[in-house]
Amino acid sequence: MKNTANTDLFFPATLGALQLANRIVMAPLTRSRMGEDGVPNAMHATYYAQRASAGLLISEAINISPQARGYAATPGIWSEAQVAGWKLVTDAVHAAGGKIVAQLWHVGRYSHVDLQPDGQAPVAPSALKAQGTTYTAQGVVEVSTPRALETHEIPALIAQYRHAAECAQRAGFDGVEVHSANCYLLEQFLRDSTNQRTDAYGGSIENRTRLTREVTEAVIAVWGSGRVGIRLSPATPNVGNTPLDSDPMATYGHLIQRLNPLKLAYLHFVEGATGGARDLPAHIDLDALRAQFDGAYIGNNGYDLDLAVKRRAQGLVDAVAFGRPFIGNPDLVERLQSGAELVQASHASYYGRGAEGYTDWPALQA
Ligand code: 8OZ
């Protein structure tokens, strides 16, 4: 039995305007179980409600618009049908005593023409192709070459985020998380490896961080700052073989300092490489970056209970987001607290199988 008596991880916490029953967060998890319309149904509501003892659920990444899509079977939040589907989810989570924020996602260059409206090229900061594959209704395909967004298109892009934020509000979410991580659109603007623009959205660090800042301000205008968080991944190299920024400490440090006046609910880092090693590379000090942020901080990536307790005791995190452990352990909070064995869900259960491997993981008997 592990000793959880000396940690406050299982006690209430406040992140901005979000009141959490505990400091254990469910990380955003793409599960690829939606239909082509991206509309959640009762099965998805059950899945999230089963995990509602987390202090906060962060939804799987949700496409903000048809152009934002990069994978088949992922959800959307721009249509009325999607709002109604997500309302089933948020009602079920709230009935189970939980809180849930919507993660707002745009994949940028990481898409395929078959996933795009009218078979158009995906949009990105620059016309640089990623190296990698995605899923369409036909199966695995190489991602397509994107086209560079025109400067005059940026206001409409920001309006898509604002519209999605309004949809999330009408769908009953408790807030939103801006997905500016994992080498998707907003991080493609942040990194000089994927942003070769010469307008106000490229070049200097101030310019490369502009889109993330303007998107964050737009969703704050809808939600108020205390209900908006942001996810960043300064050290993640692995989506589409996107190289790291040439100076992550400067780029992400500048972004964080420029976000401070916005008084966000939280900053959420993927610590290390998303879904991989925690401790690379040597020239990126995530704790030092985090220390530049004035508000609450959610740590994520490869945590177990011991690491969560330790980093909480060191004052390095306000809350800890667990991802994969929540797949097979819907009652992860209770299991961590009681020292119960954790189920290891197989990779085969992660994506695209309907209810199997999704809602059929039992909670421990009381
Ligand atoms: C796994 C598979 C597809 C997408 C991310 C939204 O990494 C994702 C994602 C994860 O942020």
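Basis of the calculations
What you see as residue numbers is a count from 1 along each chain, following the sequence as written. pLDDT decides what is reported in this predicted model: residues at 70 or higher carry local features, side-chain atom pairs at 80 or more are listed and counted, and totals for whole chains, interfaces and linings draw on all residues regardless. Side-chain measures here rest on the full set of heavy atoms in the structure, leaving out hydrogens and waters. To obtain an axis, a line is fitted to C-alpha atoms, over the contacting stretch when the element is a helix, and the angle between two such axes runs from 0 to 180 degrees between their N-to-C directions. Secondary structure elements are taken from DSSP: a helix is a run of H or I of four residues or more, a strand is a run of E of two residues or more, and numbering for both begins at the N terminus. What sets the label is the angle itself: under 35 degrees gives roughly parallel, over 145 gives roughly antiparallel, 65 to 115 gives roughly perpendicular, and the rest give oblique. Each crossing is labelled by how the near helix is turned from the far one, with a counterclockwise turn of less than a right angle marking it left-handed and a clockwise turn marking it right-handed. By the convention used here, residues are in contact when the closest approach between their heavy atoms is within 4.5 Å. Each residue is assigned to one of three groups, with Ala, Val, Leu, Ile, Met, Phe, Trp, Tyr, Cys and Pro labelled nonpolar, Asp, Glu, Lys and Arg labelled charged, and all others, Gly among them, labelled polar. Each nonpolar core is a collection of buried residues, namely Ala, Val, Leu, Ile, Met, Phe, Trp, Tyr and Cys, held together in the definition by side-chain atoms within 4.5 Å. Exposure is judged per residue with a 1.4 Å probe applied to protein chains only, and the accessible area is read against the type maximum: over 50% gives exposed, under 20% gives buried, and values in between give partly exposed. In these notes, residues near a molecule or strand are those with any non-hydrogen atom within 4 Å of it. As used in this structure description, the phrase polar contact means that two N or O atoms lie within 3.5 Å; if the pair is within protein, one of them must be able to donate a hydrogen and the other to accept it, and residues adjacent in sequence are counted only when both atoms belong to side chains. Every accessible area reported is derived by Shrake-Rupley at a probe size of 1.4 Å, with residue values counting cover from the shown protein chains alone.

### Some remarks on the packing of helix α6 (residues 210-223) against helix α7 (residues 248-259)
Then, number 1: For the pair α6 and α7, interaxial distance at closest approach is 10 Å and the crossing angle is 25°. In terms of their interaxial angle, α6 and α7 are classed as roughly parallel. Along this stretch, α6 crosses α7, giving a crossing that reads as right-handed. Judged by residue contacts, T212, R213 and T216 of α6 engage L255, R258 and L259 from α7.
Then, number 2: The residue makeup of the contact of α6 with α7, split by class, is two nonpolar, two polar and two charged.

### Quick word on the nonpolar core
Then, number 1: With 82 residues, the main nonpolar core has I77, L104 and F173 as its most contacted residues.
Then, number 2: If you tally residues by element for this core, the top one is helix α3 (residues 154-170), at eight residues.
Then, number 3: With residues near it in sequence (within four places) discarded, L104 still touches I62, I64, I77, Y161, A164, A165, V176, E177, V178, H179 and V219.
Then, number 4: By size, the runner-up hydrophobic cluster in this structure holds 14 residues, among which are L15, A265, A296 and I298.

### Considerations on the site of the ligand
Then, number 1: Close to the ligand lie T30, A61, Y71, W105, H179, N182, Y184 and Y351, which account for all nearby residues.
Then, number 2: At 2.8 Å, a side-chain N or O of H179 approaches an oxygen atom of the ligand.
Then, number 3: N182 is positioned with one of its side-chain polar atoms (N or O) 2.8 Å from an oxygen atom of the ligand.
Then, number 4: Summarising the interface, the protein chains cover 80% of the accessible area of the ligand, which totals 300 Å² for the free molecule.

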